[in-house]
Structures are given as C-alpha cells and as structure tokens.
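# Structural overview for review
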Amino acid sequence: MPRPISSYRELPPPAALAPYVSCVWVQAIGAGDVAYDHPVLPDGCTDIVSVDGDVMLAGPATRAVTERFEPGSVVVGVRFRAGAAPPLLGFDASELRDRGTPIAELWGRAGATLAARCADGGGGSARLGVLVDGLVRRLDEVPAPDPVATGTAAMLAANPALPVHELADEAALSERQLRRRVELGVGYPPRTLARIFRFQRFLRAARAAAPKGRDLARLAAESGYADQAHLTRESRRLAGLPPAALLDWETRRMTPDD
C-alpha cells in the first residue's frame, strides 16, 4: 500500500510584509493509498494555513500535534516572525497559544471573506496569493511589531542559553516587564521560547546528519543540552517522543516505499 510523500518549500515574503512575516510556504502531499500524518512541532512561530478552502490560524505551540492530510492535498501558509504576529492578527499571541482557530472567528466578516476567496482560489499558488493579499490589505491599520518581543526572540534564536536577566538588561526593562512583553508578542515567556529554540536547533543538526551517523550524545551537547538524558526529557515534553524514535519516524515518512 503506497504511502504519500510530502514535499515542502519556503519562499521569502513580499517586502511589505517582511517586518511581520518570515516566509510563505507550500507543502504538497503526493499520491498514495493512505492519509499522510504530519507532526507539527513547537517552533516559536504562528502561521495562517490554508488546506483546500479552510483557513486556520495555528497559534504558537508548546506541544506537538499531528495533522492528517489526504493524498494530493496542497497546504499553503504564511509564517510570522517570532514576536511579530499580534499587530496583523489583532490578538496577543498568548491568547492563541496551542490553539487552531478558523480565521473567520478571529476577523469576523473580513476573515469569512478571506476564507471564501481561498475556497474559490483554485491551486496552492493562487490560495497563497489570497492569504498574502489579505495580510497586505491590513497593513495600513496596524502598528509595527513590538521590538522587545522580536528582539528578544532573535537573541534567543541565536543563543538559547542567554539568561533572562541579560535579556532584560539589553531591553532596559525589569525581568517581569520583559516576560510580559515577550509572552504577549511570542505566546510564551522567554525561558519557554529558549527551550523551543534549543530543540529546533537540535532538529536542524540531526536532520543535516546522515541517519546512520547520528550521535545523539554529541548532537545534544552541540545543541546546548546538559547531556543526552536532558535532550530526551525535552523531546518527550515538546514532541511526545524520545529523539531517536522521533527521527526514525520522520525518516520513514520521508522515504518512498520500495
């Protein structure tokens, strides 16, 4: 029974959206006889996603979820920069944490119109254009992203081990003020964001290594974990599986049947 294989590509956003959006993306599910299970792992980001005609807001996650797509599906999305989503969305990121919400529930008539345009939009490229156009139309009404939220997120992406007091000093805020600004902008406080960025760093390093050459102890140390046991605990908390099982599952999903 052939399994479908997924292809995924990211594209830069239009210049007008660049202060808010990190990329736009397209995921195509190939032909097959069974549904494709796609794990969505916490990454510190918020996305607007269109699957066929449905348009959902995927809020910042603290745990993994598995999405199921039928063979031949084309999924498109707009990914916001960590900390930059609230102005365009009209909601604090903390209100959207671990939620998938129809865009019509968030934006009312404007959201329903956007979803209807996606439903009539045809293929993936057309639907992606509708999403982008819908966001561009909102630009005149929104402020710039909070530089504390986006700046702290950028610093933690570069170095997840930074202490909160150093981040607060850099922003000229108290630690309490910093935590509040980051949670409103990103969806969770700095230490949680650091954990997620560190786990994403591990995933990038593991994916770049050949499956048979993965040394989890070495990858754990290089990614900033105290030891392999620390990595395992975090992988179970954020992905629901220990790292070896998670990577093996990913390899199987991305490998065509013989």
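In case you missed it, the structure is sitting above this.
All of the points below concern the structure found in this document.

Criteria and cut-off values
Residues numbered from 1 in each chain as written. Predicted model: local features only at pLDDT ≥ 70, side-chain atom pairs only at ≥ 80, totals over all residues. Heavy atoms only, no water. Core = buried A, V, L, I, M, F, W, Y, C linked by side-chain atoms within 4.5 Å. Buried < 20%, exposed > 50% of the residue type's maximum accessible area, 1.4 Å probe, protein only. Helix = DSSP H or I, 4+ residues; strand = E, 2+ residues; numbered from the N terminus. Pairing = 2+ DSSP bridges. Axes fitted to C-alpha atoms, helices over the stretch in contact; angles between N-to-C directions. Contact = heavy atoms within 4.5 Å. Parallel < 35°, antiparallel > 145°, perpendicular 65-115°, else oblique. Nonpolar A, V, L, I, M, F, W, Y, C, P; charged D, E, K, R; others polar. Phe/Tyr/Trp six-rings, centres within 6.5 Å; stacked < 30°, edge-to-face > 60°. Lys NZ or Arg CZ within 6 Å of the ring centre and 35° of its normal.

Right, let's get into the nonpolar core. Core analysis: the largest hydrophobic core is formed by 31 residues, its most contacted members being Leu156, Leu178, Leu193, Phe199, Phe202 and Leu203. Mapped onto this core, the elements with two or more residues apiece are α6 (147-158), α7 (164-171), α8 (175-186), α9 (190-208), α10 (216-223), α11 (228-239) and α12 (243-254). Top contributing element to this core by residue count: α9, with 8 residues. One finds Val76, Leu89, Leu106 and Leu131 within the second-largest nonpolar core, a separate group that totals 28 residues.

Pairing within the open sheet is antiparallel, and its 6 strands lie in the order β1-β2-β7-β4-β5-β8. Looking at which strands have only one partner, the edges of the open sheet turn out to be β1 (6-11) and β8 (100-102). Between one strand axis and the next, the sheet turns through 20° on average, direction left out of account. Direction of pairing for β1 relative to strand β2 (residues 21-29): antiparallel, over a ladder of 6 bridges. Following the sheet pairing, glutamate 10 is matched in β2 by tryptophan 25. Its contacts with the sheet put helix α5 (residues 124-136) on β2, β4 (47-51), β5 (54-58) and β7 (74-80), and the angle it makes with β7 is roughly 25°.

Next up on the list: the packing of α6 against α8. Taken N-terminus to C-terminus, the directions of α6 and α8 make an angle of 90°; their axes are 8 Å apart at the nearest point. Taken as axis vectors, α6 and α8 run roughly perpendicular relative to one another. In contact with Val148, Ala149, Thr152 and Ala153 of α6, α8 contributes Leu178, Arg181, Val182, Gly185 and Val186. The residue makeup of the contact of α6 with α8, split by class, is 6 nonpolar, 2 polar and 1 charged.

Between two aromatic rings, the relevant description is the distance of the centres plus the angle of the planes. One pass over the structure, following the stated rule, counts 2 aromatic pairs. Plain terms: the ring middles of tyrosine 8 and tryptophan 25 are 5.9 Å apart, the flat faces sit at 40° to each other, and that makes the pair tilted. Note that tyrosine 8 is positioned in strand β1 and tryptophan 25 in strand β2, a separation of 17 residues in sequence. Judged by its relative accessible area of 7%, tryptophan 25 is buried. If you follow arginine 138 out to its NZ or CZ, it ends over the ring of tryptophan 107, 3.9 Å from the centre.

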